[in-house]
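Structural overview
Residues per chain are reported as follows:
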Amino acid sequence: MTSAWSRRTFLATSAALTATGGGALVLPAPHAAADDDPYTALRATWSALILGEGFSPTAEPFRSRLADLGTRARQLLETMAPADGSLWPDAVFADPDPDTDPESYVFSGRMADSFLRLSTMAQAYRQQGTGLTGDAGLRDAVIRGLDHLHSQVYNDQQTRYGNWYSWQIGAPQALLDVCVLLYDALPPERLARYCAAVDHFVPDSTVASYTGTSTGANRVDLCRVLALRGVVGGTSAKIALARDALSPVFPLVTKGDGLYADGSFIQHTTVPYTGSYGSVMLGGLGLLFALLKGTAWEVTDPRRQVVFDAVENAWAPFLYNGLVMDSVAGRAISRGEGDDHRRGHPVLASIVLLGRGASAAENARWRGLVKGWAQRDYYSPPLSDPSLGLTSLARIKSVLDDTSLTVVPEPDGHRLFPDMARATHRRPGWAAALSMADRRITYYETGNGENLRGWHTGAGMLYWWGDTFANGQYSDAFWPTVDPYRLPGTTVSRKPLADGAGGDWGASLPDVNWVGGVTDKKRAAVGQYLKGLSSTLMAKKSWFFLDDTVVCLGAGIHGRDGAAVESTVDNRNLGPVGNAPFTVGGSATPRTLPWSATLTNTSWAHLAGHGGYVFPGGATVKALRENRTGRWSDINTAGSTDPVSRKYLTLWFDHGQNPTDAAYVYQVLPGATEQRTAARAADSDWLRVLANTDDQQGVAVPSIGLTAVNFWFGGSIGPLVADAPCSVMVTEHADGTATVCVSDPMRMRTSLTLTWDRAVASVVSKPSTVTSAATGASLRLVFGDLSGTRGATQTVKVRLS
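Please read these numbers as outputs of a predicted model, since none were measured by experiment.

A few words on the overall build of the chain. The secondary structure content of the chain amounts to 17 helices and 33 strands. At 28 Å, the chain has a C-alpha radius of gyration in line with the 28 Å of a compact globule built from 801 residues. Its C-alpha atoms put the chain at 90 × 60 × 50 Å along the principal axes. Considering the chain as a whole, with its 801 residues, one finds that 58% of them fall into the buried category. The long-range share in the chain, meaning contacts at least 24 apart out of those at least 6 apart in sequence, stands at 69%.

Given below as structure tokens:
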């Protein structure tokens, strides 16, 4: 039954609808218009932020989403059955043995989920078009639910169990949202009890130091709780504390959690997390900036500009056609309810929201970026994303509908992130990403029963996508169905690993330093000294990111596990019914399943709709076309147990059992036609492999004037001589100049001497720490203080003789 609205409420609501030109109609809390204190204004702002604004409830996709919200709320209303230890029969939160083991995590998670369900019901009550707008029965049920959870589990006498997150972030955020949405229906004594419970679990001391679980995205979430606790309780000091406690998030860091100068974002100390925790932090900051803007508690710390700068320095490099790359999503890749596109869409919406607190120029450019990403997402259009909330939908649609915006195209170039052992590469028509591991960055993260088989995602996994093709490569049930020992680009031992091998929360780190590379922002040379997880595997791996290809070298591949060692060229997800033609040297291979072959003396292969592969000088590789079946529960204990199947085409080098000094060379050409792949293979002069050993790996591409070498140890390769480990890339330009790029991926050298056997007329520019000298037909460069550059590229420009 729908309750009658008061005349004041009706008039206020009608005025709101008129003011928005027939836009979104959100039912205000009764009598809210009578209050004029700052907390009333903050509650109104927060309601708009979490319910959405600027959209018509009768227009799609909002009409359907609002109806779905109503359906979900009605189901929750009908099944809610308060009982000892639960509010819903399927969400028992009473823990018979309360502690912090995995079983207790389940119970605390159900407690937090119960609050989230009440939040869903409160939103259905406040939103128009749900079929339950203003329904007194729904409102009263939410209040009964709050009281039940308070008396049973979330009160100031309860000792927490299970996951700290459920008590300090998950439950209180949802609880306080409900308190804002139903504020005038909740007597002061009730609000006081709820606030006391929040104070108990999230005391001020939670943000007293920037350590442990109070850093990065977690700190922003905790500040959201404190700010809303102040809004609901009318406590200025709480809001001020929340504002001030954000400040440690802003400065760039050099270790631990947070944003780095090179654009890296780390959470849990060792995990690259731009696309998951980073997304949460970005969204949380956008909400808090917007909530407090124009109030006595506005966030004015000038260091917040670091976050604004990070939109293009940290987040944009990992967004492509609306998706956020899995290389920076941690254990979130194992969550079956989302994929790289569904994780990317909230980031787009958060950037739009953050723009409200940035400069006009930044806001306009970011909106242009978001419009481009959203328009180009043909695989999973954001407005059709069923997991995207109403608020995010409204923000993205406002950008798509804004005809004044200039769409910003995908950038063209390379980004290297030495602080998190990652790289991204973008060229017209395609993009790629690389994930590695070293003494600072974990192999992978598992925890909470998630990402149980992500063991080798840091073993040099090479992801790539096309602009108009293969955007669902890692989205379409890739993670539960792919062979976890054959991830593209990786070199691994087939030694069986247990689920969660290496320990939770990024505990395992390889004992290696040489991971990183050098870039001129267009091309790059990247290398990884690889040691296998829980195995004896060792290898030297290099990637040379060029204009239309990635040249991949492996050497010194060694293992003594009594198991086969393999290097996977690629493992393409062809979807549930895909049978893309695969040709080898121009000859078609069978499309029947299963099919496998050992391809000897192979110079090239091509997979239609994807790209080409070139094996300079010919190679023996194995190929497999197969159907693979898995379950999300195989890699995430909370995942679906329903089987899913996908077809794959896999290419790999089989180095045999217990190999010694094995090697490989190949090129990946994303989007290349069969003809272009064959032409590249036939041009034996295009690529010169200067070295591919355990000591050095290097290539030259004369047609573009490129020489690039990863010196695992000092030595002489082609025209380059280095006296210590380093990564070097030299490019000669048509205008008679050249750039020499150098880095110390190990971050250990106080100085490095590089000699280039080439006559140089003059040094045009160089860092102040570099000493140069031209002697006869060579150039000698001495790089000082390389250890202080944190693996970043140092560039010297010269004029050739």
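What follows continues from the structure just given.
Moving on to the pairing of strand β14 (residues 550–558). Summarising burial for β14: 8 of the 9 residues are buried, a large majority. Across 7 bridges, the pairing between strand β13 (residues 538–545) and β14 is antiparallel. Bridged to Lys540 within β14 is Ala555. Counting the residues in the hairpin turn of β13 and β14 gives 4 residues. Here β14 pairs with strand β21 (residues 662–670) via 6 bridges, running antiparallel. Within β21, the position partnered with Leu553 by the bridge is Val665.

What follows is about the sheet that holds strand β1 (residues 258–259). Taken together, 3 strands build an open sheet; the order of strands is β1-β2-β3 and the sheet is antiparallel. In this open sheet, the two edge strands, each paired with only one partner strand, are β1 and β3 (271–272). Sheet topology places β1 next to strand β2 (residues 265–267); 2 bridges connect them, and they run antiparallel. From the neighbouring strand, Gly258 faces β2, where its bridge partner is Ile266.

On to the environment of Gly527. Mapped onto the elements of the fold, Gly527 is located in strand β12 (residues 524–531). Residue class for Gly527 comes out buried when judged on its relative accessible area of 0%. Counting along the chain gives 200 residues from Gly527 to Ser727, while the straight-line C-alpha distance between them is 8.1 Å.

Okay, the pattern of salt bridges next. All told, the structure shown has 41 salt bridges when counted by the stated rule. The partner of Glu626 in a salt bridge is Arg628, and the shortest N-O contact between them spans 3.8 Å. Assessed through its relative accessible area of 14%, Glu626 is described here as buried. A relative accessible area of 22% means that Arg628 is categorised as partly exposed.

The strands making up a sheet associate through hydrogen bonds between their backbones, and the pairing can be parallel or antiparallel. Ordered in space as β22-β23-β24-β27-β28-β33-β30, the 7 strands form an open sheet in which the pairing is antiparallel. If you trace the sheet from one side to the other, it starts and ends with β22 (688–692) and β30 (760–765), each paired once. Neighbour-to-neighbour, the strand axes of the sheet open up by a mean angle of 15 degrees, direction not taken into account. As defined by bridge partners, strand β28 (residues 737–743) adjoins strand β33 (residues 794–800) across 6 bridges and the pair is classed as antiparallel. Directly across from Val742, in β33, lies its bridge partner Gln794.

Next up on the list: the packing of helix α12 (residues 340–354) against helix α14 (residues 390–400). Two numbers describe how α12 lies on α14: the axes approach to 9 Å, and their chain directions differ by 70 degrees. Taken as axis vectors, α12 and α14 run roughly perpendicular relative to one another. Here α12 contributes His345, Leu348, Ala349, Val352 and Leu353 to the contact with α14, which in turn contributes Ser392, Arg395, Ile396 and Val399. In the contact of α12 with α14, the residues fall into 6 nonpolar, 2 polar and 1 charged.

All right, on to α14 then. For the α-helix, the turn length of 3.6 residues means that residues three or four positions removed from each other point alike. Most of α14 is tucked away: 8 of the 11 residues are buried. Of the positions making up α14, those classed as buried are Leu390, Thr391, Ser392, Leu393, Ala394, Arg395, Ile396 and Val399. Looking at the buried positions of α14, the neighbouring elements they touch are α2 (38–51), α3 (62–79), α10 (277–292), α12 and α13 (360–376).

This part covers the nonpolar core. Of all hydrophobic cores here, the largest spans 202 residues; its most connected members are Leu118, Tyr154 and Phe582. Counting residues per element, this core draws most heavily on helix α6 (residues 164–181), which supplies 11 residues. Counting residues in hydrophobic clusters, the runner-up holds 25 residues, among them Val770, Leu779, Phe783 and Val796.

Let's shift gears to the state of the cysteines. In the structure shown here, the tally under the stated rule is 0 disulfides. In this structure Cys223 is not part of a disulfide, and its nearest cysteine sulfur, from Cys195, lies 17 Å away. Free cysteine: Cys741, not disulfide-bonded; nearest cysteine sulfur from Cys726 at 12 Å.

Remark: α2 packs on helix α8 (residues 216–233), axes separated minimally by 9 Å, with the N-to-C direction vectors making an angle of 130 degrees. In terms of orientation, α2 lies oblique with respect to α8. Contacts between α2 and α8 pair Tyr39, Leu42, Arg43 and Trp46 from the former with Arg224, Leu228, Gly230 and Val231 from the latter.

Turning our eyes to something else, we now look at empty space enclosed by the protein. The tally for this structure, following the rule as stated, stands at 5 cavities of 30 Å³ or more. In this model, the largest cavity occupies a volume close to 130 Å³. In terms of lining residues, the largest cavity is bounded by 17 residues, among which Asp326, Ser327, Gly330, Arg422 and Thr457 are the most central. Classifying every residue of the lining of the largest cavity by side-chain character gives 6 nonpolar, 7 polar and 4 charged. Approximately 50 Å³ is the volume found for the second largest cavity. Every residue lining the second largest cavity is listed: Tyr443, Trp455, His456, Gly458, Ala459, Thr491, Val492, Leu530, Lys531, Gly532, Leu533 and Leu537. Only β10 (491–493) and β12 provide two or more residues apiece to the lining of the second largest cavity.

Quick notes on the rules
Residues numbered from 1 in each chain as written. Predicted model: local features only at pLDDT ≥ 70, side-chain atom pairs only at ≥ 80, totals over all residues. Heavy atoms only, no water. Helix = DSSP H or I, 4+ residues; strand = E, 2+ residues; numbered from the N terminus. Rg over C-alpha atoms; globule rule 2.2 N^0.38 Å. Buried < 20%, exposed > 50% of the residue type's maximum accessible area, 1.4 Å probe, protein only. Contact = heavy atoms within 4.5 Å. Pairing = 2+ DSSP bridges. Salt bridge = Lys/Arg side-chain N within 4 Å of Asp/Glu carboxyl O. Axes fitted to C-alpha atoms, helices over the stretch in contact; angles between N-to-C directions. Parallel < 35°, antiparallel > 145°, perpendicular 65-115°, else oblique. Nonpolar A, V, L, I, M, F, W, Y, C, P; charged D, E, K, R; others polar. Core = buried A, V, L, I, M, F, W, Y, C linked by side-chain atoms within 4.5 Å. Disulfide = S-S within 2.5 Å. 1 Å grid on protein atoms, 1.4 Å probe; cavity = no way out; pocket = protein on both sides within 12 Å on 5 of 7 lines; lining within 4 Å. Points joined across faces, edges and corners; volume = space filled by probe spheres on them.

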